[in-house]
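Below, each chain spelled out in residue letters.
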Amino acid sequence: MPTSTPKGKTPRLVSTISMALIGASLFLLFLSRDLSEGLQDEWARENWGLVVRYVIAMLLGGAIMGYLLASMFGHAGLGGWIWAFIGGLLSTLVAGACGSLIGLLPDLLADGWQAKDLVAILFGFLVLPIAAAEKLGSSVIWLAAVAATHVLSKYVRSKLRKRV
């Protein structure tokens with residue numbers, strides 16, 4: 001029985017979807033806590049298109065990172081769990097920056113590159129961790145989502161090994 005999945009057969013779909021959902025949900029969590037009345041705040045009502053744009057951007061950022069880091073999920077043993085935690089952390093951090101860049105694309109195309117755009121993109125690294133760190137419950141939910149990604153990836157890997 002082989003100890004690794006065949007080349008090109010990693011469970012990318014699991015990690016792509018999971019990280020996309022984590023990215024979008026943490027952004028919504030950040031936004032709802034950042035605004036005094038949550039998503040019912042006057043600013044959010046007036047800028048609904050911007051809110052939707054950034055939720056989609058964080059969803060895409062998470063999906064991209066989940067796809068790229070899929071090989072970090074689903075390995076056996078304690079090392080596999082540590083690898084999955086690191087993969088989830090990297091995915092979350094970089095997904096925020098990637099999502100910020102995607103969210104800024106319409107502005108970048110309209111106005112061109114400005115120094116403040118770099119600050120917004122770099123802040124994207126912190127958006128999702130801040131959302132998870134504000135309350136212990138958010139961090140536990142994030143950790144459970146990463147663990148679920150790992151377990152589902154491990155299940156898919158085991159199915160792929162049986163087919164080989």
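Up top is the structure.
Residues numbered from 1 in each chain as written. Predicted model: local features only at pLDDT ≥ 70, side-chain atom pairs only at ≥ 80, totals over all residues. Heavy atoms only, no water.

## Here's the deal with the pattern of salt bridges
Part 1: Taken as a whole, this structure holds 1 salt bridge when the rule is applied.
Part 2: Measuring nitrogen to oxygen at the nearest pair gives 3.2 Å for the salt bridge that ties Asp107 to Arg53. Here Asp107, found in helix α4 (residues 77-111), pairs with Arg53, found in helix α3 (residues 48-68); they are 54 residues apart in sequence, far enough to count as distant.
Part 3: The exposure class assigned to Asp107 is partly exposed, which follows from its relative accessible area of 31%.
Part 4: With a relative accessible area of 23%, Arg53 lands in the partly exposed category. (Salt bridge = Lys/Arg side-chain N within 4 Å of Asp/Glu carboxyl O. Helix = DSSP H or I, 4+ residues; strand = E, 2+ residues; numbered from the N terminus. Buried < 20%, exposed > 50% of the residue type's maximum accessible area, 1.4 Å probe, protein only.)

## Section: the side chain of Asp117
Part 1: Among the secondary structure elements, Asp117 is positioned in helix α5 (residues 115-133).
Part 2: Salt bridges are absent for the buried Asp117, whose nearest opposite-charge side chain, Lys116, sits at 5.5 Å.
Part 3: Residues in contact with Asp117, not counting those within four places in the same chain, are Leu104, Leu108 and Gly112. (Lys, Arg positive; Asp, Glu negative; His and termini not counted. Contact = heavy atoms within 4.5 Å.)

## With respect to the side chain of Thr149
Part 1: On the secondary structure map, Thr149 appears in helix α6 (residues 136-163).
Part 2: Judged by its relative accessible area of 0%, Thr149 is buried.
Part 3: Within the structure, the side chain of Thr149 is placed 3.2 Å from the side chain of Ser18, a separation counted as a polar contact.
Part 4: Within the local environment of Thr149, its side chain forms a polar contact with the backbone oxygen of Ala145, the two atoms lying 2.8 Å apart.
Part 5: Other than its neighbours up to four places away in sequence, Thr149 contacts Val14, Ser15, Ser18, Met19 and Phe73. (Polar contact = N/O pair within 3.5 Å; in protein donor to acceptor, adjacent residues only side chain to side chain.)

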